[in-house]
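In case you want the letters, here they are:
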Amino acid sequence: MHISISDNCVGCGACSAINPEVFEINRNFAIVNPDFVTGNEDSCIDAAIECPVNAINIYDF
Ligand code: SF4
């Protein structure tokens, strides 16, 4: 699973509240820590669903 954040992130913090291992807010923008995605896939998907601007893109490969 690969995750990217698009430019329309508004830094609301919802993703990091759901999944603090993977998502961190830096200067009002979410950044992804790829090292912690494996094992946290379900909450990555939850974060993507909850993102109010659909800024979390998940790729499965
Ligand atoms: S939930 Fe979406 S808009 Fe909010 S910080 Fe995360 S990526 Fe950005």
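Provided above is the structure to which this section pertains.
Residues numbered from 1 in each chain as written. Predicted model: local features only at pLDDT ≥ 70, side-chain atom pairs only at ≥ 80, totals over all residues. Heavy atoms only, no water.

Here we take up the overall build of the protein chain. When you go through the protein chain residue by residue, the secondary structure sums to 2 helices and 4 strands. Along its sequence from the N terminus, the protein chain presents helices and strands in the succession β-α-β-β-α-β. In summary, the protein chain has a C-alpha radius of gyration of 10 Å against a globular reference of 10 Å for 61 residues, a match within 12%. Overall size of the protein chain, expressed as C-alpha extent along the three principal axes, is 25 × 20 × 15 Å. The burial tally for the protein chain puts 33% of its 61 residues in the buried class. (Helix = DSSP H or I, 4+ residues; strand = E, 2+ residues; numbered from the N terminus. Rg over C-alpha atoms; globule rule 2.2 N^0.38 Å. Buried < 20%, exposed > 50% of the residue type's maximum accessible area, 1.4 Å probe, protein only.)

Surveying the vicinity of the ligand reveals 13 residues, the closest of which are C9, C12, G13, C15 and C51. Here the shell around the ligand is composed, by residue class, of 11 nonpolar, 2 polar and no charged. (Near = heavy atom within 4 Å. Nonpolar A, V, L, I, M, F, W, Y, C, P; charged D, E, K, R; others polar.)

On to unusual backbone geometry, then. For R27, which is not glycine, the phi torsion reads 50° and is therefore positive. Despite not being glycine, N28 has its phi angle at roughly 60°, a positive value. When you line up the elements, N28 lands in the loop between β2 (23-25) and β3 (30-32).

In short, the description is geometric, and any link to function would need to be established separately.
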